[in-house]
Amino acid sequence: MTINEIVEFSGLSKAAFSRLYKIPIRTLEDWASGRRLPRNDYVFYLLERVVRYDKEHDNFLDTDIDRQIKEMKTAKTDDEIIDNRFL
């Protein structure tokens, strides 16, 4: 699978995918455009396996992203929201 196919299969936006799998959004964009690719072919293979596993086991439901969304909803000040955005 290509990185675009993996992200699409996950059902997440590129931004959410980036946060969940700790891959910088710029890296995802570079991989998607072909400007840059991982040094080893197995990177996409392993990423695909992890995404398939997570999707099959509903591991998307209790993620850092979900935690951040909950924290943002309960934030009382703009500073708390800004601090949370960059966790």
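Refer to the structure above for everything that follows.
Residues numbered from 1 in each chain as written. Predicted model: local features only at pLDDT ≥ 70, side-chain atom pairs only at ≥ 80, totals over all residues. Heavy atoms only, no water.

*Asks:* In this structure, what is going on with the overall build of the protein chain? I would like to understand it.
*Replies:* Looking only at helices and strands, the protein chain has 6 helices and 0 strands in total. Reading the helices (α) and strands (β) of the protein chain from amino to carboxyl end gives α-α-α-α-α-α. Expressed as a percentage of the 87 residues in the protein chain, the buried residues total 29%. The contacts in the protein chain between residues at least 6 apart in sequence include a share of 46% that link residues at least 24 apart. In the structure as shown, the protein chain presents an accessible area of about 6500 Å², 52% of it carried by carbon and sulfur atoms. (Helix = DSSP H or I, 4+ residues; strand = E, 2+ residues; numbered from the N terminus. Buried < 20%, exposed > 50% of the residue type's maximum accessible area, 1.4 Å probe, protein only. Contact = heavy atoms within 4.5 Å. Areas by Shrake-Rupley, 256 points an atom, 1.4 Å probe, with all protein chains shown as cover.)

*Asks:* Is there a simple way to think about the packing of aromatic side chains in this case?
*Replies:* By convention here, two paired aromatic rings are described through the distance between centres and the angle between planes. Following the criterion strictly, the structure yields 2 aromatic pairs and no others. Summarising the aromatic geometry, the rings of Phe17 and Tyr21 are spaced 4.8 Å apart at their centres and angled 45° between planes, so their arrangement reads as tilted. Each member of the pair Phe17 and Tyr21 is classed as buried. An angle of 80° between the planes, with centres 5.2 Å apart, marks the rings of Trp31 and Phe44 as edge-to-face. With a gap of 13 residues between them, Trp31 in helix H3 (residues 25-33) and Phe44 in helix H4 (residues 42-56) connect regions that are remote in the sequence. Given the relative accessible area of 17%, Phe44 is considered buried. (Phe/Tyr/Trp six-rings, centres within 6.5 Å; stacked < 30°, edge-to-face > 60°.)

*Asks:* Could you clarify how one ought to interpret the side chain of Glu48 in this entry?
*Replies:* Along the chain, Glu48 turns up in helix H4. Here Glu48 is in contact with Met1 and Ile6, once residues within four sequence places are set aside.

*Asks:* Explanation requested: unusual backbone geometry in the structure shown.
*Replies:* With the exception of glycine, most residues fall at negative phi, and the peptide bonds are largely trans. Its identity is not glycine, yet Lys22 carries a phi of approximately 55°, on the positive side. Examined against the element boundaries, Lys22 turns out to sit in the loop between helix H2 (14-20) and H3.

*Asks:* Sorry, what's going on with the nonpolar core here?
*Replies:* Nonpolar side chains in soluble globular proteins tend to be buried together. Counting 12 residues, the largest nonpolar core is built from Ile3, Ile6, Val7, Phe17, Leu20, Tyr21, Ile23, Leu28, Trp31, Phe44, Leu47 and Val51. Only helix H1 (3-10), H2, H3 and H4 provide two or more residues apiece to this core. (Core = buried A, V, L, I, M, F, W, Y, C linked by side-chain atoms within 4.5 Å.)

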